[in-house]
Amino acid sequence: MNNQTVVVLDFGGQYNQLIARRVRECGVYCELLPYNTPVEKLKEKNLVGIVLTGGPNSVTEQGAPRLDEKVLQIGVPVLGICYGCQLLAYMHGGSVTGGAREYGKRKLVVGKGGALFKGVPKESTCWMSHSYFVDKVPEDCVVTAGTDTCPTAAYENTQKKYYAVQFHPEVMHTEFGTQVLKNFLFEVCGASGDWTMKNFAEKTIAALKEKIGDKKVLCALSGGVDSAVAATLVHRACKNLICVFVDHGLLRKDEAEEVKRVFKDEQGMNLITVDASEIFLKKLKGVTDPEKKRKIIGREFIRVFEREAKKIGAVDYLVQGTIYPDVIESGLGQSAVIKSHHNVGALPDVIDFEEIVEPLRELFKDEVRACGFEIGLPESIVMRQPFPGPGLAIRIIGEITRDKLEILKDADAIFREEIAKAKLDREIWQYFAALTGSKSVGVMGDERTYFYTLALRGVTSVDGMTADWARIPYDVLETVSNRIVNEVGHINRIVYDITSKPPATIEWE
């Protein structure tokens, strides 16, 4: 692919992935790279612009990350945000000073001119998050915006093609942040906006077709959106894709049947379905510790998949649904490794294959969903709730039994159905039911009951790293509660989890 590219150079700020996502939402392809990426590597790209991110350091400190001056000599416009704003000033004779930490909304006042502020009102709201600021810009720069507490909220040097903002245009709290980014991308960089999921899908399918040809490809299909979109793209490109779907019996109600219907019947894929529910339940019998549950399920999944793969024999390619955040979180250059990702566990160690195919490794999650719609997958698959690999096993506190699974499946289905009816399914990032290990006394039909307590969980989030509990309307919760206690046996009490992450996690186990 040779899309016009904006590179975001990462100085360790909290919003850096968000910058890249916002640029892509504007229709311009973007990559997040370490701040010290060699200039030669940058020049290899179809580069139209560079963004310098925020970061936790002070530019005046010894050992603070610096930018190679040669980056500014490539000839494309550069936008510095927060730390990047201070760094550009510091490198060119300006001065940066410390002060009280400024965090939150501020009134931004735009001065005369300024390429970044075309279509932005003279006064608007911006989001600040910094302890240092530029108190003197380089001599050849012009201040274009300020706030009461930060006189140099934006400045520019049109001749040298660098622009800077102390505030964060990438966050939604900045009222006209998207307009500022669009001005940089289209007015300053002259980008054409050639990044669309339609173009991506077409180019990816063509590239896969050329790469794979008549060779054999294997994919572990979970039914989740990542593996679903990856498999569909490969399926459109070749005739020898074999998908293996391991049903461990821990999926939500009717999900296994839906996977088989969509991918085998509707998409026409060569889908091998393995009903391993009895195996998993047997292995989980008597196990209550959540970490032991995870390890047992992960290990057994690999063993089941390995047995099926051996029946198939040698394959040339193994498909994985790796996406761009997986690549970023696994470590960019000197960036910290948040977590090592391997979408199908230890499978490469036990399967005979030549190469891994990762058609989605350039995409963020929202782009994966957009691509899924573009290639015709149903909404039920594309908008599928984030779902842990161990499935309902970690949404049942204590030992897993078939009876508990059926209770939870029915209750969870009602919750999801009512959320969809209330048209909240696009607003709430994740929502589910968890069967607690607690029982309590209740009265149903004038009779004493001693049944399970069911917990409902709903959160809003961007990426799952942090989350706030969702403010689901009381009338919706009332309907859910009434339906569950009346339609699902062995539950007589419903509670709603109002804990954010942190301190809690999204899942209960």
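Residues numbered from 1 in each chain as written. Predicted model: local features only at pLDDT ≥ 70, side-chain atom pairs only at ≥ 80, totals over all residues. Heavy atoms only, no water.

Within the chain one finds 15 helices and 18 strands. Computed over the C-alpha atoms, the radius of gyration of the chain is 26 Å, within 12% of the 23 Å expected from 2.2 N^0.38 for a compact globule of 509 residues. Taking the principal axes of its C-alpha atoms as reference, the chain extends roughly 80 × 60 × 40 Å. In the chain, the proportion of contacts linking residues at least 24 apart, taken out of those at least 6 apart, comes to 75%. For the chain, the accessible surface area stands at approximately 22800 Å², while carbon and sulfur atoms represent 48% of it. (Helix = DSSP H or I, 4+ residues; strand = E, 2+ residues; numbered from the N terminus. Rg over C-alpha atoms; globule rule 2.2 N^0.38 Å. Contact = heavy atoms within 4.5 Å. Areas by Shrake-Rupley, 256 points an atom, 1.4 Å probe, with all protein chains shown as cover.)

In this section: the sheet that holds strand 11 (residues 241–247). With parallel pairing, the five strands of this open sheet are ordered in space as 12-11-10-13-14. Two strands lie at the open edges of the sheet, namely strand 12 (270–275) and strand 14 (355–357), each paired on one side alone. Neighbour to neighbour, the strand axes of the sheet diverge by 25 degrees on average, direction disregarded. Sheet topology places strand 11 next to strand 12; six bridges connect them, and they run parallel. Bridged to Val244 within strand 12 is Ile272. (Pairing = 2+ DSSP bridges. Axes fitted to C-alpha atoms, helices over the stretch in contact; angles between N-to-C directions.)

Attention now goes to the packing of aromatic side chains. Inspection of every chain in the model, using the stated rule, returns 10 aromatic pairs. When the centroid spacing of 6.4 Å and the interplanar angle of 70 degrees are considered together, the rings of Trp469 and Tyr496 count as edge-to-face. One end of the pair, Trp469, is in strand 17 (residues 468–469); the other, Tyr496, is in strand 18 (residues 491–496), and 27 residues separate them in sequence. Clustering of aromatic rings is evident, with ring pairs tying together Phe11, Tyr35 and Tyr83. Positioned above the aromatic ring of Phe387 is the side chain of Arg252, whose terminal nitrogen or guanidinium carbon lies 4.1 Å from the ring centre. A cation over a ring is seen here: Arg471 above Trp469, with NZ or CZ 3.8 Å from the ring centre. (Phe/Tyr/Trp six-rings, centres within 6.5 Å; stacked < 30°, edge-to-face > 60°. Lys NZ or Arg CZ within 6 Å of the ring centre and 35° of its normal.)

What follows is about the side chain of Gln166. With respect to the helices and strands, Gln166 occurs in the loop between strand 9 (162–165) and helix 5 (177–188). Of the residues examined, Gln166 reaches a relative accessible area of 0% and is grouped as buried. A distance of 3.2 Å separates the side chain of Gln166 from the side chain of Gln86, its partner in a polar contact. Once you skip the residues sitting within four places of it in the chain, Gln166 turns out to touch Cys82, Cys85, Gln86, Met128, His130, Tyr132, Phe133, Val134, Cys150, Thr152 and Ala153. (Buried < 20%, exposed > 50% of the residue type's maximum accessible area, 1.4 Å probe, protein only. Polar contact = N/O pair within 3.5 Å; in protein donor to acceptor, adjacent residues only side chain to side chain.)

A few words on unusual backbone geometry. Of note, the amide linkage connecting Lys501 to Pro502 takes the cis form, showing an omega dihedral of -15 degrees. In this structure, the amide linkage connecting Pro502 to the following residue, Pro503, adopts the cis form with an omega of 10 degrees. Along the polypeptide, Pro503 turns up in the segment after strand 18. Positive phi, close to 60 degrees, is recorded for Lys423, a residue that is not glycine. Turning to its location among the elements, Lys423 is positioned in the loop between helix 14 (402–421) and strand 15 (430–444).

Further remarks concern helix 10 (residues 290–312). A rise of 1.5 Å per residue sets the reference length of helix 10, with its 23 residues, at 33 Å; its end C-alpha atoms lie 33 Å apart and thus fit the reference within 8%. Looking only at helix 10, the buried set comprises Lys293, Ile296, Ile297, Glu300, Ile302, Val304, Phe305, Glu306, Glu308, Ala309 and Ile312. Tucked into the core, helix 10 has its buried residues touching strand 10 (217–220), strand 11, strand 12 and helix 9 (277–284). Near the N-terminus of helix 10, the side chain that reaches the backbone nitrogen of Glu291, with its oxygen 3.1 Å away, is that of Asp289. Phi turns positive, to about 95 degrees, at Gly313, one or two residues after helix 10. (Expected span 1.5 Å × (residues − 1).)

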